[in-house]
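Here is what each chain is made of, one letter per residue.
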Amino acid sequence: MRKVTENEESAVLKYLQDHVSECIYLCIDLQKYGTRNPDALFWCSWKSNEPDTVAMKYYDSFQIFSANEKWDTASTAELIKKHPVMTISGKASMIEELSELLPEYTAAYGVIVEEADYREFEQFGSIREAVPEDAMEIARLMCTDQEFGDNYEVETLARQLADRMQEKAGRSYVMWEDGKIVAHTAIFAENKEIAVESGLIVDAAYQSRFYGMIIHEYVKKQLAQEGKKLYGFRINDRMKRCTKAVDSDPVCGHYGKLTRRKENEG
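Everything numeric in this text was worked out from a predicted model, so none of it was measured. (Residues numbered from 1 in each chain as written. Predicted model: local features only at pLDDT ≥ 70, side-chain atom pairs only at ≥ 80, totals over all residues. Heavy atoms only, no water.)

Colleague: Looking at this structure, how should I read the pairing of strand 11 (residues 229–234)?
Modeller: Walk down a regular strand and you will see the side chains alternate between the two sheet faces. Burial of strand 11 is extensive: five of the six residues sit out of reach of the surface. As judged from the four bridges shared by strand 6 (residues 105–114) and strand 11, these two strands associate in the antiparallel manner. Its bridge partner being in strand 11, Ile112 is matched across the sheet by Phe233. As paired elements, strand 10 (residues 194–202) and strand 11 share four bridges and run parallel to each other. Note on strand 11: the bridge partner recorded for Val196 is Tyr231. In the classification by handedness, the crossover that spans strand 10, the intervening helix 8 (residues 211–225) and the parallel strand 11 is right-handed. (Buried < 20%, exposed > 50% of the residue type's maximum accessible area, 1.4 Å probe, protein only. Helix = DSSP H or I, 4+ residues; strand = E, 2+ residues; numbered from the N terminus. Pairing = 2+ DSSP bridges. Right-handed = clockwise from strand over helix to strand, strands pointing away.)

Structural data, given as structure tokens:
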């Protein structure tokens, strides 16, 4: 497995685009950043001069993908050992194989859905697109949830959120009440055709008011009006409870995530 060169970008991108629902972040970020961003590093192994396994390190995470049943598992594991990260995401089958070589990580599994039609709510008026100056407050809110708190440091997450807003590589939406942000969701990656929603969180004191479902529907409306296909990752019951809409959203893939155990950090 070697670093993707500028001359190889188009071949690797075409490979990813042919399987976009299974490697959405990889596809969008390679198209957005290419090989020129030091925070988004790409590697690829090749078979018969064709891409086989693609890996991207973005800050403290890896995204991996291969369309092949037999993929470069050993080299991918070695790459990750050389560049330890907090999380590794990819197709469920790949994460299952990789977990056997990386015992310091814990695996969880979920589905990728293509979002269905949106519903209107009068509370849409209290939602706005966030600006980089909101990033720290958003990161603090997100890290109150165990899923995010286990995977991110507040300062690192705030920097990622602000960077994506500034670079137009992503956007956050926030609901305000009582002078503070009480709900958040985000488009963590997007291009002209597709987008990925993630980062849904509601302040614990406001969770009985269905704000998670409302802000989720707001984002679905925004993307529908822009003519973009919206995807979501469902890895736990919290997201399912918040959206109340997962059962109606068509499943288009199965994925997994490896999270580094706390005792193995540092």
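Having seen the structure, we can now continue with the description.
Colleague: Is there a simple way to explain empty space enclosed by the protein in this structure?
Modeller: A water-sized probe, rolled over the atoms, reveals where empty space remains. One pass over the structure, following the stated rule, counts one cavity of 30 Å³ or more. Considering only enclosed or pocket space, the largest cavity measures out at about 700 Å³ in volume. In this structure, the largest cavity is lined by 45 residues; those nearest its centre are Tyr25, Gln63, Tyr152, Phe188 and Ser198. For the lining of the largest cavity, the element with the most residues is helix 7 (residues 154–166), which contributes five residues. Partitioned by chemical class, the residues of the lining of the largest cavity number 21 nonpolar, 13 polar and 11 charged. (1 Å grid on protein atoms, 1.4 Å probe; cavity = no way out; pocket = protein on both sides within 12 Å on 5 of 7 lines; lining within 4 Å. Points joined across faces, edges and corners; volume = space filled by probe spheres on them. Nonpolar A, V, L, I, M, F, W, Y, C, P; charged D, E, K, R; others polar.)

Colleague: Explanation requested: the packing of helix 1 (residues 9–17) against helix 2 (residues 24–33) in the structure shown.
Modeller: When two helices pack together, their arrangement is given by the angle between their axes and by how far apart the axes lie. Running from N to C, helix 1 and helix 2 point in directions that differ by 150°, and their axes come no closer than 9 Å. When the axis of helix 1 is compared with that of helix 2, the two are roughly antiparallel. Viewed along their axes, helix 1 and helix 2 form a crossing whose handedness is left-handed. Contact residues: helix 1 offers Glu9, Val12, Leu13, Leu16 and Gln17, while helix 2 offers Leu26, Cys27, Leu30 and Gln31. Here the residues of the contact of helix 1 with helix 2 sort into six nonpolar, two polar and one charged. (Axes fitted to C-alpha atoms, helices over the stretch in contact; angles between N-to-C directions. Parallel < 35°, antiparallel > 145°, perpendicular 65-115°, else oblique. Left-handed = near helix turned anticlockwise from the far one by under 90°. Contact = heavy atoms within 4.5 Å.)

Colleague: Help me understand the environment of Cys143 in this model?
Modeller: Relative to the helices and strands, Cys143 is located in the loop between helix 5 (135–142) and helix 6 (146–151). Considering only alpha carbons, one finds Cys143 and Ile88, 55 residues apart in sequence, at a separation of 18 Å. In contact with Cys143, not counting residues within four places along its chain, are Phe148, Gly149, Tyr152, Val154 and Leu157.

Colleague: Quick question: what am I supposed to make of the environment of Ala55 here?
Modeller: Mapped onto the fold, Ala55 is located in strand 3 (residues 50–58). In this structure Ala55 comes out as buried when scored by relative accessible area, which is 0%. With 14 residues separating them along the chain, Ala55 and Leu41 place their C-alpha atoms 8.2 Å apart. Residues within four places of Ala55 in sequence aside, it is in contact with Met1, Leu26, Leu41, Phe42, Trp43, Phe62, Gln63, Ile64 and Leu79.

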